[in-house]
Amino acid sequence: MHLLKWLGGAAVGALMFAGSPTWAVTIGFSQVGDEGDWRPAFSKDMQEEAKKEGIDLKFADAQGKEEEQLKAVRAFIAQKVDAIVIAPVVVTGWGQVLEEAKKAGIPVFLADRDVDADKSLFVARISADFNLEGRLAGAWLAQASKGNCNIVELQGTVGSAPAIERKKGFEAVISNFPNMKIVKTQSGDFTTDGGKKVMEAFIKSTDNLKGICGVFAHNDNMQLGAIQAMKEAGLKPGKDFLLVSVDYVPAMKEALAAGDANASVELRSAIGKYIYPVMTEYLKDHKELPKWVVIPSDLHTAATPGG
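These lines cover the structure that appears in this document, whether it is placed above or below. These numbers come from a predicted model, not from an experiment.

## Examining the overall build of the protein
Here's step 1: Check the secondary structure of the protein and you find 10 helices and 13 strands.
Here's step 2: Computed over its C-alpha atoms, the radius of gyration of the protein comes to 21 Å, within 12% of the 19 Å expected for a compact globule of 307 residues.
Here's step 3: When its C-alpha atoms are laid out on the principal axes, the protein stretches across 70 × 40 × 35 Å.
Here's step 4: Here the protein holds 307 residues, and the buried ones make up 53% of them.
Here's step 5: The protein carries 35 positive and 39 negative side-chain charges, and their two centres are separated by 1 Å.

Here it is as structure tokens:
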């Protein structure tokens, strides 16, 4: 691994006294893109926390394209950064580039999303439990509907870890209730526009959601788009239909307060404070870390204090 650039003795003493990092480190961060409201907030937090920690952060936006993300990681390897953080677009296709990073002696950390590559090729994943998020959403809907609900589902980006795991978790819970089932499902790519288009198609194909009880969206932005489509069709989301999603972004807090939605599972965007300490600990001490450092999730409803 690349040597860290240690500061001079006097500077070290001063920085230790101030409680700031005692060494300089360069980290490459490959971000999925800027879809929705949650992702830009996550990127902003990573950049702001890096400044606080004295980290030189090289940021690359993949714009939702796996090939762009692979290029960015290879560029970080060529620049000989001290470590690489990846928030993968999809779970597949990572083996070769992770092998290249390992051969170059550059440790890799996964943020937010997972990959299906050999776990020895990355140090740790720091993220929420997407499967738990799906289970929390399913448990809430089961309780709210008393176990009797036909559901339409707005999936996230096909092949992405959150879309896969949130669906699995949700289905694992509702499978315990014979009168709960997903009757329509389609990807809205985690975007407001995508969610609106999917819901418009659902409304058309089900005669204005006839017989539908609940809407499960893999993120808030798709749900917000679905709310728009439902209102334009003269329907009453949050009242005639139970709506649950994931992220708990500011616009969803407003929708909950207005009664247009019912529940949202929080996916924290301010996670730099979870990620950087794990990385810096490893870079300093090379201690073996858990392969998965879990960031907690919470369920919020319209009745939740403070939103």
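Here the narrative resumes, following the displayed structure.
## Comments concerning the environment of Ala-302
Here's step 1: Its place among the elements puts Ala-302 in the segment after β13 (298-301).
Here's step 2: Note on Ala-302: relative accessible area 47%, which makes it partly exposed.
Here's step 3: As a C-alpha pair, Ala-302 and Ala-50 span 252 residues in sequence and 34 Å in three-dimensional space.
Here's step 4: Contacts of Ala-302, omitting those with residues within four sequence positions, involve Leu-256 and Asn-262.

## Brief notes about the pattern of salt bridges
Here's step 1: Taken as a whole, this structure holds 17 salt bridges when the rule is applied.
Here's step 2: For the salt bridge of Arg-135 with Asp-129, the shortest nitrogen-to-oxygen distance reads 3.9 Å.
Here's step 3: The class for Arg-135 is partly exposed, based on a relative accessible area of 32%.
Here's step 4: Put simply, Arg-39, Asp-112 and Arg-113 are held in one network by salt bridges that share partners.

## What to know about the packing of aromatic side chains
Here's step 1: Counting across every chain of the model gives five aromatic pairs.
Here's step 2: Ring centres of Phe-29 and Phe-42 lie 5.7 Å apart, and the angle between their planes is 65 degrees; this geometry places the pair in the edge-to-face category. With a gap of 13 residues between them, Phe-29 in strand β2 (residues 23-31) and Phe-42 in helix α2 (residues 38-53) connect regions that are remote in the sequence.
Here's step 3: In this structure Phe-42 comes out as buried when scored by relative accessible area, which is 0%.
Here's step 4: Measuring from ring centre to ring centre gives 4.0 Å for Phe-170 and Phe-216, while their planes differ by 10 degrees; the resulting arrangement is stacked. Highlighted residues: Phe-170 in helix α6 (residues 161-174) and Phe-216 in strand β9 (residues 214-217), separated in sequence by 46 residues. Considered together, Phe-170 and Phe-216 belong to a single accessibility category, that of buried residues.

## Thoughts on the sheet that holds strand β7 (residues 148-155)
Here's step 1: The six strands are arranged β8-β7-β9-β10-β11-β13 in an open sheet whose pairing can be described as mixed. Two strands lie at the open edges of the sheet, namely β8 (179-187) and β13, each paired on one side alone. Each strand of the sheet is rotated relative to its neighbour by a mean of 20 degrees, with strand direction disregarded.
Here's step 2: Relative to strand β10 (residues 242-247), β9 is paired through three bridges, and the arrangement is parallel. Residue Phe-216 lies in a different strand from β10, and its bridge partner there is Val-244.
Here's step 3: Packing against the sheet, helix α7 (residues 192-205) makes contact with β7, β8 and β9, and its axis sits at approximately 140 degrees to β7.

## Section: the pairing of strand β4 (residues 83-86)
Here's step 1: Side chains Ala-83 and Val-85 project from β4 onto one buried face, and the interleaved Ile-84 and Ile-86 project onto a second face that is buried too.
Here's step 2: Of the strand pairs in this sheet, β4 and strand β5 (residues 108-111) are connected by three bridges, and their pairing is parallel. Residue pairing across strands places Ile-84 opposite Val-108, the latter belonging to β5.
Here's step 3: Taken together, β4, helix α4 (residues 95-103) and β5 form a β-α-β motif whose crossover is right-handed.

## Quick notes on the state of the cysteines
Here's step 1: This structure, assessed with the given rule, holds one disulfide.
Here's step 2: A sulfur-sulfur separation of 2.2 Å characterises the disulfide bridge that pairs Cys-149 with Cys-213. Residues Cys-149 and Cys-213 share a disulfide whose torsion about the S-S bond is about -100 degrees; that sign makes it left-handed. Here Cys-213 lies in the loop between α7 and β9 and Cys-149 lies in strand β7, a separation of 64 residues in the sequence.

## Overview of α7
Here's step 1: Compared with the 20 Å implied by 1.5 Å per residue over 14 residues, the 20 Å span of α7 between its first and last C-alpha is a close match.
Here's step 2: Every buried residue belonging to α7 is among Gly-194, Gly-195, Lys-196, Val-198, Met-199, Phe-202 and Ile-203, and all of these are buried.
Here's step 3: Of the surrounding secondary structure, the elements contacted by the buried residues of α7 are β7, β8, β9 and α8 (220-232).
Here's step 4: If you check the start of α7, you find a side-chain oxygen 2.9 Å away from the backbone N of Gly-194, and it comes from Thr-191.
Here's step 5: After α7 finishes, the residue Asp-207 shows a positive phi value of roughly 55 degrees.

Criteria and thresholds
Residues numbered from 1 in each chain as written. Predicted model: local features only at pLDDT ≥ 70, side-chain atom pairs only at ≥ 80, totals over all residues. Heavy atoms only, no water. Helix = DSSP H or I, 4+ residues; strand = E, 2+ residues; numbered from the N terminus. Rg over C-alpha atoms; globule rule 2.2 N^0.38 Å. Buried < 20%, exposed > 50% of the residue type's maximum accessible area, 1.4 Å probe, protein only. Lys, Arg positive; Asp, Glu negative; His and termini not counted. Charge placed at Lys NZ, Arg CZ, Asp CG, Glu CD. Contact = heavy atoms within 4.5 Å. Salt bridge = Lys/Arg side-chain N within 4 Å of Asp/Glu carboxyl O. Phe/Tyr/Trp six-rings, centres within 6.5 Å; stacked < 30°, edge-to-face > 60°. Pairing = 2+ DSSP bridges. Axes fitted to C-alpha atoms, helices over the stretch in contact; angles between N-to-C directions. Right-handed = clockwise from strand over helix to strand, strands pointing away. Disulfide = S-S within 2.5 Å. Expected span 1.5 Å × (residues − 1). Polar contact = N/O pair within 3.5 Å; in protein donor to acceptor, adjacent residues only side chain to side chain.

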